[in-house]
Amino acid sequence: MKAATDELSEKEYGAVIIDCRDLVDGPNPPGKLFGKMGLADAICRSSVGHVIFQCQAGMSRSVAMAILLIWFNEGMNRSIDDIYREVKLKVPIAQVDMDLLDAGQPTPKPLLG
């Protein structure tokens, strides 16, 4: 594990690093979110195929970006809540700010319950 201020190396991890430390927990400009998601989507479809979202603690911003990318790539057919529950099983420290997720969706979503 590295400190949040340490830069992750694409060569070291075999993945493209997308820095999410400029996002905030809460509402973000949609262009900022969609720009990162578009880049991640393009990388996932390329020969590289692996993306790491880097944020401060790996609990909210990077997890939110991964959830939105999964949701988008699955055709927006599953609920964000279902994807969040699935991700939380693999990342138990996840504590995603719901405003951050809401900013990446075109329609309001139900509260996680």
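A quick note: this is a predicted structure, and the numbers were derived from the prediction, not measured.

Q: I keep staring at the layout of surface pockets and nothing clicks. Help me out?
A: To find leftover empty space, one rolls a probe the size of a water molecule over the atoms. For the second largest pocket, the calculated volume is near 230 Å³. Taken together, Phe53, Gly58, Ser62, Val63, Ala66, Leu69, Ile70, Glu86, Val87, Lys90 and Val91 make up the full set of residues lining the second largest pocket. Counting residues per element, the ones that place at least two in the lining of the second largest pocket are helix H3 (61–73) and helix H4 (80–90). By residue number, the principal contributor to the lining of the second largest pocket is H3, which donates five residues. For the lining of the second largest pocket, the residue count by class is seven nonpolar, two polar and two charged.

Q: Would you explain the environment of Leu33 in this entry?
A: Examined against the element boundaries, Leu33 turns out to sit in helix H2 (residues 30–45). Leu33 sits 35 residues away from Leu68 along the chain, and the two C-alpha atoms are 9.3 Å apart.

Q: Can you walk me through H4 in this structure?
A: Three or four residues apart is the spacing at which side chains of an α-helix point the same way, because the helix has 3.6 residues per turn. Among all positions of H4, only Ile80, Asp81, Ile83, Tyr84 and Val87 are buried. The buried residues of H4 all sit within an arc of 155° when viewed along its axis, so they share a single face.

Q: Sorry if this is basic, but what is going on with the environment of Glu86 here?
A: Looking at where Glu86 falls in the secondary structure, it is placed in helix H4. On the basis of relative accessibility, which here comes to 41%, the residue Glu86 falls in the partly exposed class. Separated by 19 residues in the primary sequence, Glu86 and Ile67 have C-alpha atoms spaced 9.5 Å apart.

Q: Help me understand unusual backbone geometry, please; the structure alone is not making it clear to me.
A: Negative phi is the rule for most residues except glycine; trans is the rule for most peptide bonds. Although it is not a glycine, Met76 adopts a positive phi angle of roughly 60°. Assignment of secondary structure puts Met76 in the loop between H3 and H4.

Quick notes on the rules
- Residues numbered from 1 in each chain as written.
- Predicted model: local features only at pLDDT ≥ 70, side-chain atom pairs only at ≥ 80, totals over all residues.
- Heavy atoms only, no water.
- 1 Å grid on protein atoms, 1.4 Å probe; cavity = no way out; pocket = protein on both sides within 12 Å on 5 of 7 lines; lining within 4 Å.
- Points joined across faces, edges and corners; volume = space filled by probe spheres on them.
- Helix = DSSP H or I, 4+ residues; strand = E, 2+ residues; numbered from the N terminus.
- Nonpolar A, V, L, I, M, F, W, Y, C, P; charged D, E, K, R; others polar.
- Buried < 20%, exposed > 50% of the residue type's maximum accessible area, 1.4 Å probe, protein only.
- Arc of directions from axis to C-beta.

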